[in-house]
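# Survey of secondary and tertiary structure
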Amino acid sequence: MAQEDVFKKIVSHCKEYGFVFPSSDIYDGLAAVYDYGQNGVELKNNIKEYWWKSMVLLHENIVGIDSAIFMHPTIWKASGHVDAFNDPLIDNRDSKKRYRADVLIEDQIAKYEEKINKEVEKARKKFGEAFDEAKFRETNPRVLDNQKKRDALHERYSEAMNAMDLNELKQIILDEGIVDPISGTKNWTDVRQFNLMFSTEMGSTADSASKIYLRPETAQGIFVNFQNIQRTTRKKVPFGVCQVGKSFRNEITPGNFIFRIREFEQMECEFFCKPDTDLEWFDYWRSYCHNWLLNLGIHDDNLRLRDHAKEELSFYSKATTDIEYLFPFGWGELWGIADRTDYDLTRHQEHSGKDLSYFDQEENRKYIPYVIEPSLGADRVALAFLCDAYDEEVIDEAKNDKRIVLRLHPALAPMKAAVLPLSKKLSEEAGNIYAELSKHFSVDYDDAGSIGKRYRRQDEIGTPFSITYDFDSKEDGCVTVRDRDTMEQTRIPVSGLVKYIEERLEF
Ligand code: ATP
């Protein structure tokens, strides 16, 4: 099945099974804004809970905070968001569509890379075992030609982006002959800057009104509380501060369902360390985050760690890695891990006039700590878990028997178990089991339809264990537990159910 079709199926599955609905659905939706339904909210809460556990509770030197969404407007001046949180946008006069100029050029760079990869794959097929890829890349004229074009474009683009030279960005688009994918024309407007922050006014009268912003990231709430947290926790560097919360960006090119939206949730950690230890901590977080995803069941093949090349790094960053996931629409950033040096605290020190340095007793000196920032989008990672878990399994080809199953890690599954009485006559006893299990986990109860249909409904929302209470259960005090993935059924005593499920939730 084409990946495009797989993605369409996942999106409609999410709507059909109460994971994600378009916002304001009965009013035909609001662009790039989504609501989480009864199963989606459980999935997202589980993700946030396991992130919090892994980051805050399992690290003795990490604490959490919850800062306000509204913050002093100068914070966004200090952070650089007022002046530099801009996307260069360009319109096509024929299709009337708006694009990010940087994305159009990046796509063009990717096209050269694709051409090179196609040549390599063609040669691999032709030469078989004897194929020497490195040598081929070094000598094949077509590969070399495309590589030269790609590198020249990349260099020109990086320079234009670093200088935010809008005329040059437009010139690149024209020189490369980039056409609008919809109209197919090169009828482009000039490139303009577009700030991604939403703004509003605080105060009840026009006089006292002051422009404030909806935060575009949660991180600044941590930086501006650095002093408060360090003083009240008396933590010594290295220590970290985490926060989960909403962020808002007026994205020019939102899309791919909940991948890029305008209101989203972030899970961010700012890890403060001694200046000369930053690269070690960077490596620590790079592999910690990667392992977190693997432990929660994401297929390793669908993950890659993309280290930013020197010319791609922000001017203040010493190292940045994006953990990317292979979505059905292609690779996309999931988790950004950045060594932000002492940039943020220094900027806030300058703009607030407050001393944000840290006194290191062991070394008897003051310094501004360096910071490593692992930043993860809750919605993006929820989408990655859903894509990774979605499976259409053929059970019996001849009978055209198929099932859709969400193979979510049990720790993330919206419902941990479902109690299914074989007959409505058994609802009292089954109801008691439901009541008992509900004290420990999120549990579903379903007594409508055939047992087979009920199993399939649970497969479709990813419930790992379906518990059937039958007429024998009355006699032997046992129930049948069906495993979502293997469909195997095990008879176990009712008294052992909590332990049985609990053991399987560990990650
Ligand atoms: P992109 O360029 O892919 O939009 P970014 O590089 O601007 O992302 P960061 O500013 O590094 O993203 O934000 C950290 C994380 O927050 C991202 O890795 C992503 O998981 C999440 N995130 C950022 N923007 C959005 C968005 N518009 N919708 C959903 N998640 C987002």
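Here's what I pulled together on the structure shown here. (Residues numbered from 1 in each chain as written. Predicted model: local features only at pLDDT ≥ 70, side-chain atom pairs only at ≥ 80, totals over all residues. Heavy atoms only, no water.)

### Digging into unusual backbone geometry
Along the chain, V237 connects to P238 via a cis peptide bond; the corresponding omega equals 5 degrees. Looking at where P238 falls in the secondary structure, it is placed in the loop between α10 (226–233) and β9 (239–248). For S24, which is not a glycine, the phi torsion comes out positive at approximately 55 degrees. Position of S24 among the secondary structure elements: in the loop between β1 (20–22) and β2 (34–36). Non-glycine residue A32 carries a positive phi angle of around 60 degrees. Position of A32 among the secondary structure elements: in the loop between β1 and β2. (Helix = DSSP H or I, 4+ residues; strand = E, 2+ residues; numbered from the N terminus.)

### Things to note about the packing of aromatic side chains
Per the stated rule, a full pass over the model turns up 28 aromatic pairs. With a centroid separation of 5.2 Å and an interplanar angle of 75 degrees, the aromatic rings of F259 and F327 are classed as edge-to-face. Highlighted residues: F259 in the loop between β9 and β10 (263–273) and F327 in strand β12 (residues 319–327), separated in sequence by 68 residues. Residue class for F259 comes out buried when judged on its relative accessible area of 7%. You can call F327 buried: its relative accessible area is 2%. Cluster of aromatic residues (ring-pair linked, three or more members): F7, F259, Y325, F327 and F329. Directly above the aromatic system of F259 lies the positively charged group of R380, at a separation of 3.8 Å from the ring centroid. (Phe/Tyr/Trp six-rings, centres within 6.5 Å; stacked < 30°, edge-to-face > 60°. Buried < 20%, exposed > 50% of the residue type's maximum accessible area, 1.4 Å probe, protein only. Lys NZ or Arg CZ within 6 Å of the ring centre and 35° of its normal.)

### A few points about the pattern of salt bridges
For the coordinates displayed, the defined rule picks out 48 salt bridges. Residues R306 and E312 are paired through a salt bridge, measuring 3.0 Å at the closest nitrogen-oxygen approach. Several salt bridges share partner residues, and in doing so they unite D391, E393, R403, R407, D459, R482, R484 and D485 into one network. (Salt bridge = Lys/Arg side-chain N within 4 Å of Asp/Glu carboxyl O.)

### Re the packing of helix α2 (residues 38–57) against helix α13 (residues 378–389)
Relative orientation of the contacting elements α2 and α13 amounts to 110 degrees, with a least axis distance of 10 Å. By the criterion of interaxial angle, the relationship of α2 to α13 is roughly perpendicular. Every pair of crossing elements has a handedness; the one defined by α2 and α13 is right-handed. Here L43, K44 and I47 of α2 lie close against α13, whose contacting residues are A378, D379, V381, A382, F385 and L386. Residues belonging to the contact of α2 with α13 are distributed by class as follows: seven nonpolar, no polar and two charged. (Axes fitted to C-alpha atoms, helices over the stretch in contact; angles between N-to-C directions. Parallel < 35°, antiparallel > 145°, perpendicular 65-115°, else oblique. Left-handed = near helix turned anticlockwise from the far one by under 90°. Contact = heavy atoms within 4.5 Å. Nonpolar A, V, L, I, M, F, W, Y, C, P; charged D, E, K, R; others polar.)

### Describing the sheet that holds strand β4 (residues 86–91)
Strand pairs in the sheet, formed through backbone hydrogen bonds, run parallel or antiparallel to each other. Taking strand neighbours across the sheet as the criterion, the three strands line up as β5-β4-β6 in an open arrangement whose pairing is antiparallel. Taken across any chain shown, the strands that pair with only one partner, and hence form the sheet edges, are β5 (98–100) and β6 (192–195). This sheet shows a mean twist of 45 degrees between the axes of neighbouring strands, independent of strand direction. (Pairing = 2+ DSSP bridges.)

### A word on the sheet that holds strand β19 (residues 417–421)
Strand order across the open sheet formed by five strands is β20-β19-β21-β22-β23, with mixed pairing between neighbours. Of all the strands in the sheet, just β20 (443–445) and β23 (489–493) have a single pairing partner and so form its edges. Ignoring strand direction, the axes of neighbouring strands in this sheet form an average angle of 25 degrees. Across four bridges, strand β21 (residues 465–469) lies against strand β22 (residues 478–483) in antiparallel orientation. Within β22, the position partnered with S466 by the bridge is R482. Each of β19, β20, β21 and β22 touches helix α14 (residues 427–438); the most contacted strand, β20, lies at about 165 degrees to it.

### Brief notes about α2
Every α-helix carries 3.6 residues per turn, so stepping three or four residues along brings you back to the same face. Between its first and last C-alpha atoms α2 spans 27 Å; for 20 residues at 1.5 Å apiece the expected length is 28 Å, and the two agree. Residues N39, G40, L43, K44, N46, I47, K48, Y50, W51, S54, M55 and V56 constitute the buried set of α2. (Expected span 1.5 Å × (residues − 1).)

### Focus on the nonpolar core
I47, W51, W292, L293, L334, W335 and F385 are the most contacted members of the largest nonpolar core, which totals 58 residues. Considering every element that reaches this core, the biggest residue donor is α13, with nine residues. Ignoring sequence-local partners within four residues, the contact set of L334 consists of L293, L303, I323, E324, Y325, F327, S375, L376, G377, R380, V381 and A384. Formed by 19 residues, the second largest nonpolar core is a distinct cluster that contains L426, L437, I467 and V481. (Core = buried A, V, L, I, M, F, W, Y, C linked by side-chain atoms within 4.5 Å.)

### Re the side chain of H154
With respect to the secondary-structure elements, H154 resides in helix α7 (residues 141–162). Not counting chain neighbours up to four residues away, the residues in contact with H154 comprise I109 and E311.

### Some points on the site of the ligand
For the ligand, the set of nearby residues contains 14 residues, the closest of which are E251, R260, I261, E333 and L334. F259 places a main-chain nitrogen or oxygen 3.4 Å from a nitrogen atom of the ligand. The separation between an oxygen atom of the ligand and a polar main-chain atom of G377 is 3.0 Å. Coverage of the ligand by the protein chains reaches 82% of its 580 Å² of free accessible surface. (Near = heavy atom within 4 Å. Polar contact = N/O pair within 3.5 Å; in protein donor to acceptor, adjacent residues only side chain to side chain. Areas by Shrake-Rupley, 256 points an atom, 1.4 Å probe, with all protein chains shown as cover.)

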